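Coordinate inspection notes
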Amino acid sequence: PESDQPSIPGMEEADPPKPARRTRLTEQEKAERKAERDRQRAAAKVQQRLDRIAAAAGRPVTLPAVLWRSGPGEISGVTELSLGDAVQQVHALIDDAGVLTIDSENTGYPIGHREHALRLVQLGNDTGVVVFDGQNPTHLAAVRELVDAAPAEHAHSAVHDLSELAYHGVVDPDTAWPKMLDTVIPAKLGDPQSTGSDPGLKKLAGAVLGDDAVAPAAEAGRDELWKAGGWLKETKIDTPVERSGWANAPIGETFVRYAAADVLDCAAVAKRLPWPAPHLLDRERSVEQQVAKVSLVGVKLDGRRVSALLEQEAEAMAAAAERVRAFGVEPGSDAQLGARLVELGASLPLTPKSGKPSVAKGVIERLRGAQGELGGLVDAYLDYSK
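Residues numbered from 1 in each chain as written. Predicted model: local features only at pLDDT ≥ 70, side-chain atom pairs only at ≥ 80, totals over all residues. Heavy atoms only, no water.

1. Points about the overall build of the protein chain
The helix and strand inventory of the protein chain stands at 15 helices and 8 strands. For the protein chain, the C-alpha radius of gyration of 33 Å lies well beyond 21 Å, the compact-globule estimate for 386 residues. By principal-axis analysis of the C-alpha atoms, the protein chain measures approximately 120 × 75 × 45 Å. Every one of the 386 residues in the protein chain was classed for burial, and the buried ones make up 38%. A separation of at least 24 residues holds for 65% of the contacts in the protein chain among residues at least 6 apart in sequence. Here the protein chain carries 45 positive and 57 negative side-chain charges, and the mean point of each set is 6 Å from the other. (Helix = DSSP H or I, 4+ residues; strand = E, 2+ residues; numbered from the N terminus. Rg over C-alpha atoms; globule rule 2.2 N^0.38 Å. Buried < 20%, exposed > 50% of the residue type's maximum accessible area, 1.4 Å probe, protein only. Contact = heavy atoms within 4.5 Å. Lys, Arg positive; Asp, Glu negative; His and termini not counted. Charge placed at Lys NZ, Arg CZ, Asp CG, Glu CD.)

Encoded structure:
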């Protein structure tokens, strides 16, 4: 119902305001707004990645810190120490075991590489381990004194760790090697089929220690951290440093626990492996000490000679490639090579997986010296391969 109240002058209902007409944006303004939206999305994506890394890295750790084997396959929490307390703790671990187990972590690049740097040094035994900052000169001085004080040492693949520490002035190789008992030696003599860096410590610990090994859980945490960062576990000399997890992983509980696991399991493995007879062990240790010098000082190369040989071989390879193409075969194409050889009368075995003619080196070499085009193609291909 209409109100009975009298109208008041000036209070009549006004027409609603008309909406403001939208201003057309210029092309430059549109581009600027898009660029701002892209910047915000990129910043949000970067922040999300940093949040994932922080969550996977765990609590930041101020080194030095001590960790303990707390049960089958388990490592205690990380306890930060003063440097003085850390040194005392390592002395206690040496006195307890009579031997010091050594390990280190670097940025994932070899000695001499521009991105090579020492990140962590771990000292301990099968029950406890202290982790030091590889970037702190005071820590490294303390590590040197502790290594010198140890009556005996363990490491797995000692060539890597002692060369690493010697390069950074942490150990004197002439005094460290005579005390070193590398667990790689009994592992390889115990399983003569193992080659190269196999068995790695993680694999060896799982086989020797079973459920007591702490490495599997520590390695799983490391893998989650690397995944969060989008980093590579296996780096090459040309891997960009931002892709290396070893160079970029934060010094947090996850990385420190991973580093500590190597010492705890290496020391435990050393107790369980069957060590060889003294004369065999002395022989292997002597050879290892000599070979290790290459890792530390490298091998001299005649750069001009190497360049000349590379140029010579490149020219020979190009010439051989043209000889292969003359037979209608593209160098590097196993399918084309196999088909053409069969056409020319060769009897080739079939590969189990593909069922195609095999062009494995051993198969092709048996055809060298054949008459006619078959022999010509075989000779050209083998020259190209060489």
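We are not done yet, so read on.
2. Re the packing of helix 12 (residues 303-325) against helix 15 (residues 372-385)
Here helix 12 crosses helix 15 at 150 degrees, and the two axes come no closer than 8 Å. Taken together, the axes of helix 12 and helix 15 are roughly antiparallel relative to one another. The crossing of helix 12 and helix 15 is left-handed. When helix 12 is examined against helix 15, the residues M317, A320, A321, R323 and V324 are found in contact with a partner set consisting of L377, D379, A380, Y381, D383 and Y384. Residue composition of the contact of helix 12 with helix 15, grouped by class: 8 nonpolar, no polar and 3 charged. (Axes fitted to C-alpha atoms, helices over the stretch in contact; angles between N-to-C directions. Parallel < 35°, antiparallel > 145°, perpendicular 65-115°, else oblique. Left-handed = near helix turned anticlockwise from the far one by under 90°. Nonpolar A, V, L, I, M, F, W, Y, C, P; charged D, E, K, R; others polar.)

Interpretation note: all reported values are geometric properties and have no functional meaning in isolation.
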